[in-house]
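# Summary of the model geometry
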Amino acid sequence: MASPLEMTEMYDNALLGILQHVGNIQDFLQVYFGFLYRKTDFYRLLSGPDDRMGFPPGVAEKMVLKTFRLFEKLAEHDRERALSERQKRQESACAPPAAQELEVASEPCEATPEEGDAEPSQMDSASSDTGRASTPAAPDASVSSEGGGGGSSGGGSSSSSSSRGPEAPGGQAAAGSRAASADRPQNEFQADPDSYNGAVRENYSWSQDYTDVEVRVFVPKTVVKGRQVSVGLQSGGLRVSVRDGAEEKVLMEGEFTHKINTEDSLWSLEPGQCVLLSLNKTSEVWWNAVLKGEKEIDINQINRERSMATVDEEEHAVLDRLTFDYHQKQQGKPQSHEMKVHEMLKKGWDAEGSPFKGQQFDPSMFDIPPSAVQF
């Protein structure tokens, strides 16, 4: 599966032509969303359980925000890399010559034994002061450097519930409400954009479409900065923990039911609400659970129809042709395969030696089955 950058680079020339024509980003976005409005089911809302076209309320908007966050993260990485390279160049330009370093390093060799004994104590004292000064920042630093290791293995629900510890009454009420919602029927999950084609569990909710899974891991209200969060994402599993005061809590940990593509997956923090995980599937299959060992959903009760937004160009062309043929047939007009044959017949209708020369072309003379034409 192509990465987001590789996939978008394929259309650079076409999109650049549109952008140059309209002249600015705002009008370009209007062209793009106007196309979604006119040619797809992007803005259509599902009106009932039997409706197979469109999205539940809020899902289309969430798709746009998810794509925006994906490229926002890439842009942030580019800025960090550029800043790091600039700092390295500045440090290299300000580095003292090697001769000065050798001269400074040779000074302690001439010190007396008393001075040699006193120097370590001064260094110890300085390092002790430094340690005391940096103590408040230590928890943040440790979390930001952690990966997905540590903690107990197994299903996400059991590990997270054992490690959360005591919570405020409001947090306990919210957790109790989420635990009760786990027993809701699937049609209630379908009505919520955060659990569309997924479910709500004790510590998280999840939703999916044909290519991606989105997980919202609930966090305490005191978790408001990214350095308080540690996320370890691997192709076969994940670990999400937060630092709340001096205590680290593992909120979700376990093995995925299916593999993910880590290069195209990302996470972000919605302060005081949740850690949002956008997981890119390696295979286009419908998941019945995020983690092995958790309660599974019945995929026969979800909307397994592919959205027009996930259909590639070739399939989109076929669907457009079928839609066109349907409307033509309803109006008693020629369908696409008939029109194609009619164009070929017209070329020979008035040709020299044709028995129909001079007569008006009459398409009703021909009965053309759809199998007679290949598109």
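The rules behind the values
Residues numbered from 1 in each chain as written. Predicted model: local features only at pLDDT ≥ 70, side-chain atom pairs only at ≥ 80, totals over all residues. Heavy atoms only, no water. pLDDT = per-residue confidence, 0-100. Contact = heavy atoms within 4.5 Å. Pairing = 2+ DSSP bridges. Helix = DSSP H or I, 4+ residues; strand = E, 2+ residues; numbered from the N terminus. Patch = residues over 30% accessible without salt bridge, like charges linked within 9 Å, V, L, I, M, F, W, Y side chains within 5 Å. Areas by Shrake-Rupley, 256 points an atom, 1.4 Å probe, with all protein chains shown as cover. Salt bridge = Lys/Arg side-chain N within 4 Å of Asp/Glu carboxyl O. Buried < 20%, exposed > 50% of the residue type's maximum accessible area, 1.4 Å probe, protein only. Axes fitted to C-alpha atoms, helices over the stretch in contact; angles between N-to-C directions. Parallel < 35°, antiparallel > 145°, perpendicular 65-115°, else oblique. Left-handed = near helix turned anticlockwise from the far one by under 90°. Phe/Tyr/Trp six-rings, centres within 6.5 Å; stacked < 30°, edge-to-face > 60°. Lys NZ or Arg CZ within 6 Å of the ring centre and 35° of its normal.

### Overview of the confidence of the model for the protein chain
Of all residues in the protein chain, 68% have pLDDT values of 70 or greater, and the mean over the chain is 73. Taken as a whole, residues 98-171 scores under 50 in pLDDT and shows 57 contacts with residues more than four places along the chain or in a different chain.

### Focus: the sheet that holds strand β2 (residues 204-208)
Paired through their backbone hydrogen bonds, the strands of a sheet run either parallel or antiparallel. What the five strands build is an open sheet, ordered β1-β2-β3-β8-β7; its pairing is antiparallel. Since the sheet does not close on itself, it has two edges, and those belong to β1 (199-200) and β7 (260-270), each with one partner. With seven bridges connecting them, strand β3 (residues 212-218) and strand β8 (residues 274-281) associate as antiparallel partners. When the sheet's bridge partners are listed, D212 is paired in β8 with N280.

### Remarks on a nonpolar patch on the surface
A cluster of nonpolar residues, M10, Y11, L15, I18 and V31, forms a patch on the protein surface that exposes about 420 Å² of accessible area. You can call M10 exposed: its relative accessible area is 59%.

### As for the packing of helix α2 (residues 12-22) against helix α3 (residues 25-39)
Relative placement of two packed helices is described by the angle separating their axes and the distance separating the axes. Their axes nearest at 8 Å, the elements α2 and α3 cross at an angle of 125°. As the angle between them shows, α2 and α3 are arranged oblique. α3 is crossed by α2, and the crossing has right-handed handedness. Here L15, I18, L19 and V22 of α2 come into contact with α3, specifically with I25, D27, F28 and V31.

### As for the pairing of β7
Strand residues, when the strand is regular, have side chains that alternate between the two faces of the sheet. Of all eleven residues in β7, eight are buried; the element is thus mostly enclosed. Relative to β8, β7 runs antiparallel, the two sharing seven bridges. Within the sheet, the bridge partner assigned to E270 lies in β8 and is C274.

### Focus: the pattern of salt bridges
Under the defined criterion, the tally for this structure stands at twelve salt bridges. Note that E214 is salt-bridged to K62, the shortest N-O span being 3.5 Å. Pair noted here: E214 is in strand β3 and K62 is in helix α4 (residues 59-94), with a separation of 152 residues, a long-range link. Note that E253 is salt-bridged to R239, the shortest N-O span being 3.7 Å. Here E253 is found in strand β6 (residues 247-255), whereas its partner R239 is found in strand β5 (residues 237-244), with 14 residues between them in sequence.

### Some thoughts on the sheet that holds strand β4 (residues 229-234)
Strand order across the open sheet formed by three strands is β4-β5-β6, with antiparallel pairing between neighbours. Only two strands of the sheet have a single neighbouring strand rather than two, namely β4 and β6. Pairwise comparison of adjacent strand axes, ignoring direction, gives a mean angle of 10° for this sheet. With six bridges joining them, β4 and β5 adopt antiparallel strand pairing. In the sheet register, V229 faces β5, and the bridge partner there is V242.

### Things to note about the packing of aromatic side chains
Tallied over the full model, the rule gives five aromatic pairs. Judged by centre distance (5.2 Å) and plane angle (85°), the ring pair of F42 and Y43 falls under edge-to-face. We classify Y43 as partly exposed; its relative accessible area is 46%. Through successive ring pairs, a cluster of aromatic residues spans Y37, F42 and Y43. Taking NZ or CZ as reference, K73 lies 5.3 Å from the ring centre of W267, over its face.

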